[in-house]
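Now for the letters of each chain:
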Amino acid sequence: MLNTTPEFIAKAEPDGVNSPTVGPDAVPIAMQVNGVTRTLRAEPSMTLAETLRGPLGLTGTKIACNRGACSACTVWLDGDPVCACMILAIDVGGRSVTTIEGLADGDTLHPVQQAFIDHDALQCGFCTPEMIMSCAALLEHTADPNASEVRAAISGHICRCGTYPHVIAATLDAAKVRRG
Ligand code: FES
Ligand code: FES
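Residues numbered from 1 in each chain as written. Chains lettered and ligands numbered in written order. Predicted model: local features only at pLDDT ≥ 70, side-chain atom pairs only at ≥ 80, totals over all residues. Heavy atoms only, no water.

Student: Can you walk me through the environment of alanine 169 in this structure?
Tutor: With respect to the helices and strands, the residue alanine 169 is situated in helix 6 (residues 164–179). Residue classification places alanine 169 among the partly exposed positions, given a relative accessible area of 30%. When the C-alpha positions of alanine 169 and aspartate 118 are compared, they lie 10.0 Å apart, and in sequence the two are 51 residues distant. (Helix = DSSP H or I, 4+ residues; strand = E, 2+ residues; numbered from the N terminus. Buried < 20%, exposed > 50% of the residue type's maximum accessible area, 1.4 Å probe, protein only.)

Student: Help me understand unusual backbone geometry, please; the structure alone is not making it clear to me.
Tutor: Peptide bonds are trans in most cases, and residues, glycine excluded, mostly fall at negative phi. In the Ramachandran plot, asparagine 34 falls in the positive-phi region, its phi being about 55° despite a non-glycine side chain. Considering the arrangement of structural elements, one finds asparagine 34 in the loop between strand 1 (27–33) and strand 2 (36–42). With a phi angle near 70°, serine 71 is a residue other than glycine that sits in the positive phi range. Here serine 71 is to be found in the loop between helix 2 (48–53) and strand 3 (74–77).

Student: Any chance you could explain the pairing of strand 2 here in plain terms?
Tutor: In summary, the side chains of a regular strand alternate between the two faces of the sheet. Inspection of the sheet shows strand 1 paired to strand 2 by 7 bridges, in the antiparallel sense. Note that in strand 2 the partner of methionine 31 across the bridge is arginine 38. Between strand 1 and strand 2, which pair antiparallel one after the other, the connecting turn spans 2 residues, and asparagine 34 there sits at a positive phi close to 55°. (Pairing = 2+ DSSP bridges.)

Student: Help me understand the packing of helix 4 (residues 128–141) against helix 6 in this model?
Tutor: Between two packed helices, what matters for the description is the angle formed by their axes and the separation of those axes. The interhelical angle for the contact between helix 4 and helix 6, taken along N-to-C directions, is 35°, at an axis separation of 10 Å. You can see that helix 4 and helix 6 cross each other, and the crossing is right-handed. Facing helix 4, whose interface residues are Met131, Cys135, Leu138, Leu139 and Glu140, helix 6 presents Tyr164, Val167, Thr171, Ala174, Ala175 and Arg178. Across the contact of helix 4 with helix 6, the residue classes tally to 8 nonpolar, 1 polar and 2 charged. (Axes fitted to C-alpha atoms, helices over the stretch in contact; angles between N-to-C directions. Left-handed = near helix turned anticlockwise from the far one by under 90°. Contact = heavy atoms within 4.5 Å. Nonpolar A, V, L, I, M, F, W, Y, C, P; charged D, E, K, R; others polar.)

Student: What am I meant to see in helix 4 here?
Tutor: Along an α-helix, residues three or four positions apart point the same way, because every turn accommodates 3.6 residues. The end-to-end C-alpha distance of helix 4, which contains 14 residues, comes to 21 Å, matching closely the 20 Å that a straight helix rising 1.5 Å per residue would cover. Of all 14 residues making up helix 4, 12 are buried, and the element is well covered by its neighbours. All of the buried residues along helix 4 are Thr128, Pro129, Glu130, Met131, Ile132, Met133, Ser134, Cys135, Ala136, Ala137, Leu138 and Leu139. The secondary structure elements touched by the buried residues of helix 4 are strand 3, strand 4 (80–83), strand 5 (96–98), helix 3 (111–118), helix 5 (147–153) and helix 6. (Expected span 1.5 Å × (residues − 1).)

Student: Looking at this structure, how should I read the sheet that holds strand 1?
Tutor: Backbone-to-backbone hydrogen bonds pair the strands of a sheet. The strands run either parallel or antiparallel. Spatially, 5 strands are ordered 2-1-5-3-4 in an open sheet, and the strand pairing comes out mixed. On the outer flanks of this sheet lie strand 2 and strand 4, each paired with one strand and no other. Within this sheet the neighbouring strands show an average axis-to-axis angle of 45°, counted without direction. Across 2 bridges, the pairing between strand 1 and strand 5 is parallel. Residue valine 33 lies in a different strand from strand 5, and its bridge partner there is valine 97. Each of strand 3, strand 4 and strand 5 touches helix 4; the most contacted strand, strand 3, lies at about 35° to it.

See below:
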């Protein structure tokens, strides 16, 4: 619960007073996206998800709830899956962003991408980028996951088409392929 006691607010004020003020107009921002430094101008209120889809033209990242409740906007920040609608672009700083567009190795799909095709793990495809980003992140630190671990990795993701069993099968198969 947020602490709103007068004592807490009084203690918090000095930091706020010394923080630099930027905006509300667009400010220059530079960020590492899919291994490339991208520069743009964006209002400080713009989220990372809005910035990726708008100025940077990377529309693979989706926005649905826009408040951290559905995982549609999942990208990696320094390799960890995060909800890009809950992070301001201006706060990304030196951390590296990876989107679904940056997952393949040239013309070679990431094993999770290929397994989603092989296992028919998509119907309308709206949730596919977010699911792949979280499943691929799982395989980065868990080479041989079980179905429960895959389920945990995609908890919070909403597939309106109900492809969950295929997503789990695809991820387990991709893990096998990666292990060789
Ligand atoms: S759009 Fe970001 S969590 Fe739903
Ligand atoms: S495939 Fe349609 S929302 Fe998941």
